[in-house]
Amino acid sequence: SAVISQKPSRDICQRGTSLTIQCQVDSQVTMMFWYRQQPGQSLTLIATANQGSEATYESGFVIDKFPISRPNLTFSTLTVSNMSPEDSSIYLCSVAGGLGKETQYFGPGTRLLVL
Amino acid sequence: QKEVEQNSGPLSVPEGAIASLNCTYSDRGSQSFFWYRQYSGKSPELIMSIYSNGDKEDGRFTAQLNKASQYVSLLIRDSQPSDSATYLCAVNKRAGGTSYGKLTFGQGTILTVHP
């Protein structure tokens, strides 16, 4: 499976600020996704990051709050904008479409605490 | 009704026993089914994928799928303390004409294997 890295691994931020999370894959993949895992909860899909076009957002998530970029087949960013304590979560990127086709593999996650 | 529902936990089994994890899903259009394991503070890692009715075995793990009953399970034989983790069932419905639909996760089942 692909090797996936995320930066930063964790951060503590003040409310009202924004944080950009990077996801880097060591090989070209067709699909990249962004998930949120709130404390003690399961994973919720935020959006599909589309290469060369706007991301596809799930119900309850909007571009103004979670802008996403995907400039090429190995890299994507998720920005959490105008943060509030409710945004404190683990943010995970996943990839699919490499050798494992539709199977999704997850990065190590970014642990965000908003004060 | 939740889209993907797992048996309520936590589940505790003695070392060497069989752990049985269950998952039901509501969308009959679902095509692919996955089990992920998540250790505390870590990201989900893929254990098994299954696409066809019946059993699929990989080492101590067996996934079972019954599309008519909309049911997928994971059996862990000879359970070890190192198997103690949260197990996540994920279901993939192929969106439109693409092969890479979104993953919908169950709420997870916490498994504890005690010596």
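Refer to the structure printed above.
What counts as what
- Residue indices follow the written sequence of each chain, beginning from 1 at its first position.
- Chains and ligands are labelled sequentially in the order written, the chains with letters from A and the ligands with numbers from 1.
- The predicted nature of this model means local features are confined to residues of pLDDT at least 70 and side-chain atom pairs, given and counted, to a pLDDT of 80 or more, with totals for whole chains, interfaces and linings taken over all residues.
- Hydrogen atoms and water are omitted, and side-chain values are computed over all heavy atoms in the structure.
- Residue contacts follow a heavy-atom distance rule, with two residues in contact if any of their heavy atoms lie within 4.5 Å.
- Defined here as a combined quantity, buried area equals the accessible surface (1.4 Å probe) lost by two parts on assembly, summed across both.
- Any Lys or Arg side-chain nitrogen found within 4 Å of a carboxyl oxygen on Asp or Glu counts as a salt bridge.
- Two N or O atoms form a polar contact when they lie within 3.5 Å of each other; inside protein one atom must be a possible hydrogen donor and the other a possible acceptor, and for residues adjacent in sequence the pair counts only when both atoms belong to side chains.
- Secondary structure follows DSSP: runs of H or I at least 4 residues long count as helices, runs of E at least 2 residues long count as strands, and numbering of each begins at the N terminus.
- Charged residues are taken to be Asp, Glu, Lys and Arg, nonpolar residues to be Ala, Val, Leu, Ile, Met, Phe, Trp, Tyr, Cys and Pro, and polar residues to be all remaining types, Gly included.
- Note on exposure labels: buried denotes an accessible area under 20% of the residue type's maximum, exposed denotes more than 50%, and partly exposed covers the range between, all computed with a 1.4 Å probe on protein chains only.
- Two strands qualify as a pair provided that DSSP identifies no fewer than 2 bridges between them.
- Side-chain atoms within 4.5 Å are what join buried Ala, Val, Leu, Ile, Met, Phe, Trp, Tyr and Cys residues into a set we call a nonpolar core.
- We call a pair of cysteine sulfur atoms a disulfide whenever their separation is within 2.5 Å.

Caption draft 1: Region of the structure containing the interface of chain B and chain A. Contacts between chain B and chain A engage 21 residues on the former and 20 residues on the latter. Both sides of the chain B and chain A interface together cover about 1,600 Å² of buried area, and 54% of this is carbon and sulfur. For the pair chain B and chain A, the interface holds 1 salt bridge. For Glu58 of chain A, the salt bridge is made with Lys102 of chain B, and the minimal N-O distance between the two is 2.8 Å. Our count for the chain B to chain A interface comes out at 7 residue pairs in polar contact (both at pLDDT 80 or more). Looking at the side of chain B that touches chain A, the elements that each hand over two or more residues are strand 4 (32–38), strand 9 (85–93) and strand 10 (102–105) of chain B. Top contributing element to the side of chain B that touches chain A by residue count: strand 4 of chain B, with 4 residues. Residues belonging to the side of chain B that touches chain A are distributed by class as follows: 9 nonpolar, 9 polar and 3 charged.

Caption draft 2: Layout of the pairing of strand 3 (residues 19–25) of chain B. Residue and element names in this part refer to chain B. Here strand 3 shows a buried face lined by Ala19, Leu21, Cys23 and Tyr25 and an unburied face lined by Ser20, Asn22 and Thr24. By the bridge criterion, 6 bridges tie strand 3 to strand 8 (residues 71–76) in an arrangement that is antiparallel. Its bridge partner lying in strand 8, Thr24 is registered against Tyr71.

Caption draft 3: Summary view of the nonpolar core. Counting residues in each nonpolar core, the largest one holds 25 residues, and the members touching the most others are Trp34, Ile46, Phe66, Ile68, Leu78, Tyr91 and Leu112 of chain A. Elements that contribute at least two residues to this core include exactly strand 3 (19–25), strand 4 (31–37), strand 5 (43–49), strand 8 (75–80), strand 9 (89–96) and strand 11 (110–114) of chain A. When sequence neighbours within four positions are dropped, the list of residues in contact with Ile46 of chain A reads Trp34, Tyr35, Arg36, Thr56, Tyr57, Glu58, Phe61, Phe66, Leu78 and Tyr91 of chain A. If you look at the next biggest cluster of nonpolar residues, it comprises 23 residues, including Met48, Phe61, Leu65 and Val72 of chain B.

Caption draft 4: Quick look at the state of the cysteines. All chains considered together, the criterion is met by 2 disulfides over all chains. In this model Cys23 of chain A forms its disulfide with Cys93 of chain A; the gap between the sulfur atoms is 2.0 Å. Since a negative S-S torsion denotes a left-handed disulfide, the Cys23 of chain A-Cys93 of chain A link at about 65° is right-handed. You can see Cys23 of chain A sitting in strand 3 and its partner Cys93 of chain A sitting in strand 9, a full 70 residues away along the chain. Each disulfide pairs two cysteine sulfurs, and for Cys23 of chain B the partner residue is Cys89 of chain B, the sulfurs being separated by 2.1 Å. Judged by the sign of its S-S torsion, about -75°, the bond between Cys23 of chain B and Cys89 of chain B is left-handed. Here Cys89 of chain B lies in strand 9 and Cys23 of chain B lies in strand 3, a separation of 66 residues in the sequence. When sorted by exposure, Cys23 of chain B lands in the same class as Cys89 of chain B, which is buried.

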